[in-house]
Amino acid sequence: MATALNAAVSLTSSKSSSLPATSCAIAPERIRFGKGGFSYKSNNVATSRRVVSVRAEVTTDTPPAVKKVEKESKKNEEGVITNKYRPKEPYTGKVLLNTKITADDAPGETWHMVFSHQGEIPYREGQSVGVIADGIDKNGKPHKVRLYSIASSALGDLGNSETVSLCVKRLVYTNDAGEVVKGVCSNFLCDLKPGSDVKLTGPVGKEMLMPKDPNATVIMLATGTGIAPFRSFLWKMFFEKHDDYKASECSSWLFLGVPTTSSLLYTEAHTHFNSSSAKAPENFRVDYAISREETNDKGEKMYIQTRMAQYAPELWELLKKDNTFVYMCGLKGMEKGIDDIMVSLAANDGIDWFDYKKQLKKAEQWNVEVY
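An unreviewed UniProt entry lists the protein chain under the name Ferredoxin--NADP reductase, chloroplastic, with Brassica napus given as the organism. A UniProt comment under Subcellular location (unreviewed entry) is attached to the protein chain, and it reads "Plastid, Chloroplast". Its UniProt record gives the protein chain a comment under Sequence similarities (unreviewed entry), which states: "Belongs to the ferredoxin--NADP reductase type 1 family."

See below:
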């Protein structure tokens, strides 16, 4: 802010002699403001002999308004729709398919389900939808909406943009009182039969949207059903035709952590991605971490961060590039394990990992959706 200060100064002599009024420029820093106005300090004026009166006029030039420049997102979010359907007015879709995709001896059941939405829920890869289970809760109110990551590309499993798919694990556990507790929404979904109605909301979210840059390197970190958004990513990258996304130009690397081999999800798709049926199989890598069956050289269980540690230097070099995007989906505890292996790698380059991760998040290159 520019400040112009003009002052008229008159000096009154103690000998009653008058002097002409004098106009001068006074530097603002030489004026001290107080409760009774302000005073001017000068080394050249003997204030014991003369009374100094200052009449000042201050004008302030207001700077022109600065036009706010909106940050352009690095993600493919142009035209993205959110919350078209809300809990009070959900969309009623129909179940087309519901099938278990884990083996019978797996610790827990996971199901793949396809719902028809007739093109009324125009979602993007990386978004979620909400589900409202039928019935009422213990207070006699409708069940609350539960969000699930979408497991199909925007075109859907049928390729007509009229279906949405989910990957859901049936939640069953024993509480401290020894009672078997079933998750309301997950069991509702896993028990649905083809032809059944299901109340859907959304689509929701922009955090996990795919990068806009078709040449980007996409690193996907998933545990269990956290693979859902990455199934949608990979389908778009390698099996569908898109003018803005060519498999020969993009590169993807999936890390999937599960407890047992029988818990691996969508492995047939991963096999296809590495086969001649995919458009660019050389651009896709996948590494599994099977915690109850595998160990590393130190005898430690093979969690996702343990597997990643085997490629740590390569991953770190990728993370230093401005067109590498990391997406993490699954159990909340996985992020700490990944932080642990990155701290020392960053330190080798004199970088504080947590500060660097903040920069990656700000640049939309570190994206997390955990539960």
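For the rest of this paragraph, the subject is a nonpolar patch on the surface. A contiguous nonpolar surface patch, about 280 Å² in accessible area, is contributed by Leu96, Leu97 and Leu158. Mapped onto the secondary structure, Leu96 falls in strand E6 (residues 91–100).

The subject of this paragraph is the sheet that holds strand E8 (residues 128–132). The six strands are arranged E9-E8-E13-E6-E7-E10 in an open sheet whose pairing can be described as antiparallel. Two strands lie at the open edges of the sheet, namely strand E9 (146–149) and strand E10 (163–169), each paired on one side alone. Sheet twist, expressed as the mean angle between neighbouring strand axes with direction ignored, is 40 degrees. Of the pairings in the sheet, the one linking E6 to strand E7 (residues 110–116) comprises six bridges and is antiparallel in character. Within the sheet, the bridge partner assigned to Leu97 lies in E7 and is Val114.

Definitions and limits used
Residues numbered from 1 in each chain as written. Predicted model: local features only at pLDDT ≥ 70, side-chain atom pairs only at ≥ 80, totals over all residues. Heavy atoms only, no water. UniProt positions renumbered as here; feature names shortened; annotations may be inferred. Patch = residues over 30% accessible without salt bridge, like charges linked within 9 Å, V, L, I, M, F, W, Y side chains within 5 Å. Areas by Shrake-Rupley, 256 points an atom, 1.4 Å probe, with all protein chains shown as cover. Salt bridge = Lys/Arg side-chain N within 4 Å of Asp/Glu carboxyl O. Helix = DSSP H or I, 4+ residues; strand = E, 2+ residues; numbered from the N terminus. Pairing = 2+ DSSP bridges. Axes fitted to C-alpha atoms, helices over the stretch in contact; angles between N-to-C directions.

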